[in-house]
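Here's the letter readout for the chains.
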Amino acid sequence: MAATTMAGRRTQAPAATALARFTGTGPLVRLALRRDRVLAPVWIAVFAFSAAGSAAATIGIYPTEASRVQIADTLNSSASSAAFYGPILDPTSMGQVSLFKMYAFGAAMVGLLGLFLVARHTRGEEEDGRTELVGAGVVGRWAPLAAALTWTTIVLVVLGLVTAVSLVGAGLDVVGSLSFALAWLVTGLAFTAIGAVTAQVATTSRGAKGLAGGLLGLAYLIRAVADGSADGELVGLRWMSPVGWAQEVHAFADPRWSVGVLGLAFFLLVSAIAFALVDRRDLGAGLLPDRAGAASAPRSLSGGLGLAWRLHRGLLAGWVLGAALLSMVLGGLVANLGGFVDEGMQDMLAALGGQQGLEDTFVAVEWSFIGTFFGAYAIAALLRLRSEEATGRSENLLATPLTRPRWAASHLIASIGGVVTLLVVTGTLTGFSISRSLGDSAWWSKSASAAAVQLPAILVMVGLTILAIGLVPRFAVGLSWGLFVAFFLLGEIGALLELPQWVMDLSPFAHTPRLPGGDLNVPALVILTVLGLGLIGAGVAAYRRRDLEA
Amino acid sequence: MTPVIEITDLTKTFGSVTALDHLDLTVEAGEVHGFLGPNGAGKTTTLRILLGLLRADSGSATLLGGDPWRDVATLHRRLAYVPGDVALWPNLTGGEVIDLLGRLRGGLDPARRAALLERFDLDPSKKGRAYSKGNRQKVALVAALASDVELLLLDEPTSGLDPLMEAEFRAVVRELAAGGATVLLSSHILSEAEALSDRVSIIRHGRVVETGTLEQLRHLTRTAVTVDVLRAPDGLDALPGVYDVRVEPHGDGARLACEVDAPALESLLTVLQGAGVRALTSAPPTLEELFLRHYSDDLAGAGVQ
Ligand SMILES: Nc1ncnc2c1ncn2[C@@H]1O[C@H](COP(=O)(O)OP(=O)(O)O)[C@@H](O)[C@H]1O
Ligand SMILES: [Mg+2]
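Residues numbered from 1 in each chain as written. Chains lettered and ligands numbered in written order. Predicted model: local features only at pLDDT ≥ 70, side-chain atom pairs only at ≥ 80, totals over all residues. Heavy atoms only, no water.

## Re the overall build of chain B
Reasoning step 1: Scanning chain B from terminus to terminus reveals ten helices and 13 strands.
Reasoning step 2: Taken over 305 residues, chain B has a buried fraction of 50%.
Reasoning step 3: In chain B, the share of contacts with a sequence separation of at least 24, taken over all contacts with a separation of at least 6, comes to 69%.
Reasoning step 4: Charged side chains in chain B number 30 positive and 42 negative. The centres of these two groups are separated by 7 Å. (Helix = DSSP H or I, 4+ residues; strand = E, 2+ residues; numbered from the N terminus. Buried < 20%, exposed > 50% of the residue type's maximum accessible area, 1.4 Å probe, protein only. Contact = heavy atoms within 4.5 Å. Lys, Arg positive; Asp, Glu negative; His and termini not counted. Charge placed at Lys NZ, Arg CZ, Asp CG, Glu CD.)

Set out below in C-alpha cells:
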C-alpha cells in the first residue's frame with residue numbers, strides 16, 4: 001500500500017510543479033510567527049542577556065591583559081574545564097576570556113533551540129493534526145517544512161544580531177561580537193537542519209527532539225574529547241562536530257568568517273535531505289517504524305503516581321546525568337582555582353578568608369546557578385499537569401476515581417521529588433569530587449548544606465507554577481517561564497543595572513543563602529518554605545475548583 | 001426506583017456562549033438512553049458536568065444518588081466514560097492504558113478484557129501515537145466495557161469505528177444492558193440510538209426538546225403511506241391530519257402517496273375502502289425525520305413550531 005502510493009507520488013511529480021510544492025509557505029511562516037510571538041522574544045532575550053551579562057560581569061574582574069592571560073592559562077591547563085567549556089583560544093582577548101563559558105556551550109544551546117523550533121513546527125503540528133488541515137487546503141507538500149526552516153532561521157539570525165548588539169553594549173568590540181554571533185549561528189543552523197531530518201524520521205515531536213538532541217549531545221562530546229585531549233593531539237576532531245565549528249570561527253580572536261560558509265553549506269545540504277525524506281513518507285508516519293510495546297501494564301502503572309513516574313522519568317534521567325557530569329567538572333575547577341585571580345586580588349581575598357574563602361565563594365556562586373536551573377526542572381515537570389489537561393488526556397483520568405487533588409499531587413511529587421533527587425545527586429557528587437580534588441573531607445558536609453538550602457526557593461517557584469495552572473490555565477506555560485526568566489535575569493544582571501534592592505528581592509532565589517561561606521539565614525528559608533507550601537495549597541485548591549479546560 | 005441521572009434546569013455558559021440552557025434530563029436505572037443532537041447542541045458539556053469535569057452555573061444534577069461535583073471519587077468507582085475524542089499518551093501502549101484506567105476504577109476482569117480485545121480486533125501492544133482515531137476509541141471502549149460498572153457514559157462512541165466494529169459495539173452494549181447496566185449514549189448518528197435505545201432525549205441549543213420511548217416519539221411524527229389503488233378516492237386533501245398527497249398513474253390504476261399523523265390513520269383507511277386497494281406500504285417514521293423536523297424549525301426561525 002505504502003509502496004504504491006510512494007511510486008505513484010514519484011511519477012506524478014513533474015519538474016514544472018516543483019515550485020507548487022512550496023505554495024503556502026508564506027502564510028505558514030506568519031502562522032509560526034503568531035504561535036511563537038511570545039516564546040521567541042523570550043528565548044532571544046534569555047540568550048542575549050546571558051551572553052551580555054556574562055561578559056559584563058567578567059570585564060570588571062579582569063580589566064588588564066595580564067590578569068586575563070593568567071586566568072586563561074589556568075583555565076586552559078585544567079583538562080576538565082577545557083573539555084567542558086572548550087579552551088580559551090586567545091588569552092589576551094577580552095571577548096574570549098569573558099565569554100569562555102558561553103561559547104561552545106552557548107552554541108550548543110542555540111542548536112537546541114533550533115532543533116526544538118523546527119520539530120515544533122513540523123512534527124508537532126502534524127501530531128496535533130494541524131498539518132492535515134493545512135494539507136487539505138492549497139498548501140504544497142514541502143511548504144510546512146520550508147516554513148519551519150524559514151521561521152527557525154529568522155529566529156536564530158535575529159537572536160545572533162540581538163546578542164551581538166548586547167555584547168557591544170556590554171563593552172566588547174563590534175567585529176568580535178559579530179563573529180561570536182556567527183559562531184552561534186553556525187551551530188544553530190546545523191542543528192536546525194538536523195532537527196528537520198529527525199522530524200521526518202521519528203513519528204513524534206518528542207522523538208524528533210530526542211533524536212536530534214542525542215546527536216547534539218554526541219557533537220558536544222566529540223568536541224569535549226578534542227578539547228580535553230592531552231596537548232591537544234585530537235584537536236582536529238573538532239571539525240567532526242557542528243559545535244566544534246562554532247569554536248573554529250575563532251570569535252574575538254582573529255575571526256575565520258569562512259567557517260560560516262561551511263555552516264551554510266551543511267545547512268543547505270542537510271535541509272535538502274529533509275525535503276527528499278518528506279517525499280518518501282506519508283503524512284503522520286515516520287521512516288522509523290514504531291516498536292511494539294507491552295500488551296499489558298506493569299504493576300507500577302496502577303495510579304496517578306505510577307503514571308506520573310512513567311511520564312517524568314525520561315526527563316529526570318537526562319537531568320540527573322547532566323547534573324552528575326557537571327558535579328564532576330566542578331571538582332576539577334575548584335582544584336585549579338588558585339590561579340583564577342591575580343596576586344593583588346588574592347591579597348584582598350586573603351583578608352576575606354584566604355584561599356578557602358575563594359573556593360567557598362566560587363562554589364557558592366556555582367550552587368546559585370545550579371539551584372536556579374533545578375527550578376527550571378521543577379517548572380518543566382509540573383507544567384506536565386497542564387499539558388495533560390490541554391491535550392485532553394486528563395479527561396480520561398479524571399473520569400475515574402482519581403481526583404484532581406491526587407492527580408495534581410502526583411505531578412507535584414514528580415516535580416519536587418525530582419528536584420530533591422537532583423539535589424541529592426549533585427550534593428553527593430560535588431562533595432565527592434571537591435573533597436577528593438582538594439583533599440579536604442569538610443566538603444562533604446559543605447556540599448550537603450549548599451544543596452539543601454536550594455530547595456525552599458524552588459518550592460516557591462513550584463507554588464507559583466501550580467497557582468498559574470489553577471487560576472489561569474491557558475497562560476500557565478507563558479507565565480511560569482516568564483517569571484522564571486525574570487527572576488533569573490534579576491539575579492544575573494540586577495546588580496549591574498543597579499536596580500533597587502526591593503526589586504531584586506522579588507526573586508525567591510535572591511533569598512537563598514550563599515553556601516558555603518555565606519550566612520545560613522534560617523528565617524528566610526522558613527519563610528520561603530511556608531510561602532511555597534501556601535502557594536501550592538492555593539494552587540491545588542484553584543485547580544480543584546475550576547472547569548477542566550482544553 | 002430513583003433515576004440514575006436526574007438533571008433539572010441545568011445551565012452552563014462559556015463566556016458569551018450558552019452551552020446548556022435550562023436542560024432537564026432523566027435516565028432511569030437499567031435503561032439505554034439515547035442522547036441525540038446535532039454538533040454543538042451541548043451533549044459533551046452535559047456529560048462533562050455529570051463527570052465533575054465542568055461546574056454548572058445553575059440548576060441541579062444528581063448522579064447515582066450523589067453530587068457529580070462533590071462526590072467524584074465514590075461516584076466514579078461506579079461508572080465508566082468514553083470521551084468523544086480519545087487522547088492517549090504517545091509512549092504508552094493501548095494495553096497499558098486499558099490496564100491503567102481499569103485499575104484506577106478498581107480493577108478489571110482479565111477474561112473480559114481479553115474477550116473485548118478479540119471482539120474489537122485491537123492490538124494492545126501498539127504505542128498510543130500509532131493508533132488511528134478509531135483504534136484510540138477502541139482502547140477507551142475496551143477500558144470502559146471491561147470494568148464492572150453500573151453506569152456507562154458514552155460520548156459518540158462509534159464516531160471513528162467501521163460498520164463491522166459498530167455492530168460489535170452494539171452487541172456489547174446490549175449484553176451490558178441485559179446484565180442490568182444503565183447506559184447514556186450520546187450520538188448524532190440516529191440509527192445507532194434507534195438500534196440501542198429504550199428511551200431517547202433530543203437536545204438542541206442546550207435544551208432537551210423531546211424525550212420518550214421510540215414509540216412515543218414516533219407518535220409525534222407522520223407515517224409515510226403509499227397505496228396502489230384502482231381508482232383514486234376523492235376528498236383526501238380535505239382530511240385533517242393527512243398531508244402532502246400525491247397521485248400519479250400506475251399501471252391501469254393509480255399510486256397514491258401521503259404523510260399521515262398517527263391519529264388520522266383510521267380516517268385514511270376509511271376513505272380508502274372501496275378504492276380497490278391492491279398494495280399498501282406504510283413506513284414508520286425514523287428518527288431522521290424526527291430530527292429533520294427540529295432542524296427545519298431552525299431553518300424557519302426560532303419560536304416557530
Ligand atoms: N470549553 C469551551 N469553551 C467555550 N465554548 C465551549 C466549550 N465547550 C463547549 N463549548 C460550546 O458549547 C456548545 C456545546 O458544545 P458541546 O457540548 O461540545 O456540543 P456537542 O457535544 O453536542 O457537539 C458549543 O457551542 C460549543 O462551541
Ligand atoms: Mg460532543
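After that view, the rundown keeps rolling.
## Some words on the packing of helix α9 (residues 143–170) of chain A against helix α10 (residues 174–201) of chain A
Residues and elements named next belong to chain A.
Reasoning step 1: The N-to-C vectors of α9 and α10 enclose an angle of 160 degrees; their axes lie 9 Å apart at closest approach. On the basis of the axis angle, α9 is roughly antiparallel to α10. Here α9 runs over α10; the crossing is right-handed. When α9 is examined against α10, the residues Leu145, Leu149, Thr152, Thr153, Leu156, Val157, Leu159, Gly160, Thr163, Ala164, Leu167 and Val168 are found in contact with a partner set consisting of Val174, Ser177, Leu178, Phe180, Ala181, Trp184, Leu185, Gly188, Leu189, Thr192, Ala196 and Gln200.
Reasoning step 2: Of the residues assigned to the contact of α9 with α10, the class counts are 16 nonpolar, eight polar and no charged. (Axes fitted to C-alpha atoms, helices over the stretch in contact; angles between N-to-C directions. Parallel < 35°, antiparallel > 145°, perpendicular 65-115°, else oblique. Left-handed = near helix turned anticlockwise from the far one by under 90°. Nonpolar A, V, L, I, M, F, W, Y, C, P; charged D, E, K, R; others polar.)

## Quick look at the sheet that holds strand β4 (residues 58–63) of chain B
Residue and element names in this part refer to chain B.
Reasoning step 1: Strand order in the open sheet formed by three strands is β2-β1-β4, and the pairing between neighbours is antiparallel. Looking at the sheet topology across the chains shown, the edges are occupied by β2 (17–27) and β4. Adjacent strand axes in the sheet meet at a mean angle of 25 degrees, parallel and antiparallel pairs treated alike.
Reasoning step 2: Sheet strands in contact with helix α1 (residues 43–50) are β1 (5–14), β2 and β4, and its direction is about 115 degrees off that of β1. (Pairing = 2+ DSSP bridges.)

## A word on the packing of helix α19 (residues 404–438) of chain A against helix α20 (residues 442–452) of chain A
Helix-helix packing is described using two parameters, namely the angle between the two axes and the distance between the axes.
Residues and elements named next belong to chain A.
Reasoning step 1: Here α19 crosses α20 at 150 degrees, and the two axes come no closer than 8 Å. Taken together, the axis directions place α19 and α20 in an arrangement best described as roughly antiparallel. Between α19 and α20 the crossing geometry is right-handed. Taking contact as the criterion, the partners of Leu423, Gly427, Thr428, Thr430, Gly431, Phe432, Ile434, Ser435 and Leu438 in α19 are, on α20, Trp443, Trp444, Ser447 and Ala451.
Reasoning step 2: Taken together, the residues that form the contact of α19 with α20 break down as seven nonpolar, six polar and no charged.

## Brief notes about the side chain of A:Ser433
Residues and elements named next belong to chain A.
Reasoning step 1: Topologically, serine 433 is positioned in helix α19.
Reasoning step 2: Take serine 433: its relative accessible area is 6%, and that puts it in the buried class.
Reasoning step 3: Non-local contacts of serine 433, meaning those with residues more than four positions away in its chain, are made with Ser327, Met328 and Gly331.

## A few points about the domain arrangement of chain A
Residue and element names in this part refer to chain A.
Reasoning step 1: Taken domain by domain, chain A holds domain 1 (31–287) and domain 2 (302–550).
Reasoning step 2: The gap between the C-alpha centroids of domain 1 and domain 2 is 26 Å.
Reasoning step 3: In this complex, domain 1 contributes 21 residues to the contact, which on the side of domain 2 involves 17 residues.
Reasoning step 4: Summed over the shared surface of domain 1 and domain 2, the number is one salt bridge.
Reasoning step 5: Here lysine 101 makes a salt bridge to glutamate 366, at a shortest N to O gap of 3.0 Å.
Reasoning step 6: Counting every contact that joins domain 1 to domain 2 gives one residue pair in polar contact (both at pLDDT 80 or more).
Reasoning step 7: Every element with two or more residues in the side of domain 1 that touches domain 2 is listed here: α3 (39–61), α4 (65–77) and α5 (79–85).
Reasoning step 8: Considering each element in turn, the side of domain 1 that touches domain 2 owes the most residues, eight residues, to α3.
Reasoning step 9: Its residues assigned to classes, the side of domain 1 that touches domain 2 comprises eleven nonpolar, eight polar and two charged. (Domains from an automatic or database assignment. Salt bridge = Lys/Arg side-chain N within 4 Å of Asp/Glu carboxyl O. Polar contact = N/O pair within 3.5 Å; in protein donor to acceptor, adjacent residues only side chain to side chain.)

## Side note on the domain arrangement of chain B
Reasoning step 1: Assigned domains within chain B: domain 1 (5–217) and domain 2 (223–284).
Reasoning step 2: Placing a centre on the C-alpha atoms of domain 1 of chain B and another on those of domain 2 of chain B gives a separation of 43 Å.

## So, α4(A)
Residues and elements named next belong to chain A.
Reasoning step 1: For α4, which comprises 13 residues, the first-to-last C-alpha distance of 18 Å matches the rise-based estimate of 18 Å (1.5 Å per residue) to within 8%.
Reasoning step 2: Among the residues making up α4, those that are buried are Ser67, Arg68, Ile71, Ala72, Thr74 and Leu75. For α4, the arc enclosing every buried residue in end-on projection is 160 degrees, short of the 170-degree limit, so these residues lie on one face. Turned more than 90 degrees away from the buried face of α4 sit Ala66 and Ser77, all of them exposed. (Expected span 1.5 Å × (residues − 1). Arc of directions from axis to C-beta.)

## Focus on the packing of aromatic side chains
Reasoning step 1: If you walk through the whole model with that rule in mind, you get 20 aromatic pairs over all chains.
Reasoning step 2: We note A:Arg21 situated over the ring of A:Trp142; from NZ or CZ to the ring centre the distance is 4.6 Å.
Reasoning step 3: In this arrangement the basic side chain of A:Arg544 is found over the ring face of B:Trp69, its NZ or CZ atom lying 5.2 Å from the centre. (Phe/Tyr/Trp six-rings, centres within 6.5 Å; stacked < 30°, edge-to-face > 60°. Lys NZ or Arg CZ within 6 Å of the ring centre and 35° of its normal.)

## Notes on the site of ligand 1
Residue and element names in this part refer to chain B.
Reasoning step 1: Taken together, the residues surrounding ligand 1 are Phe14, Val17, Ala19, Pro38, Asn39, Gly40, Ala41, Gly42, Lys43, Thr44 and Thr45.
Reasoning step 2: The contact in question runs from an oxygen atom of ligand 1 to an N or O atom on the backbone of alanine 41, over 3.2 Å.
Reasoning step 3: Threonine 44 is positioned with one of its side-chain polar atoms (N or O) 2.6 Å from an oxygen atom of ligand 1.
Reasoning step 4: Those elements that place two or more of their residues in the shell around ligand 1 are β2 and α1.
Reasoning step 5: Here the element with the most residues in the shell around ligand 1 is α1; it accounts for three residues.
Reasoning step 6: Each residue belonging to the shell around ligand 1 can be placed in one class, and the counts come to five nonpolar, five polar and one charged. (Near = heavy atom within 4 Å.)

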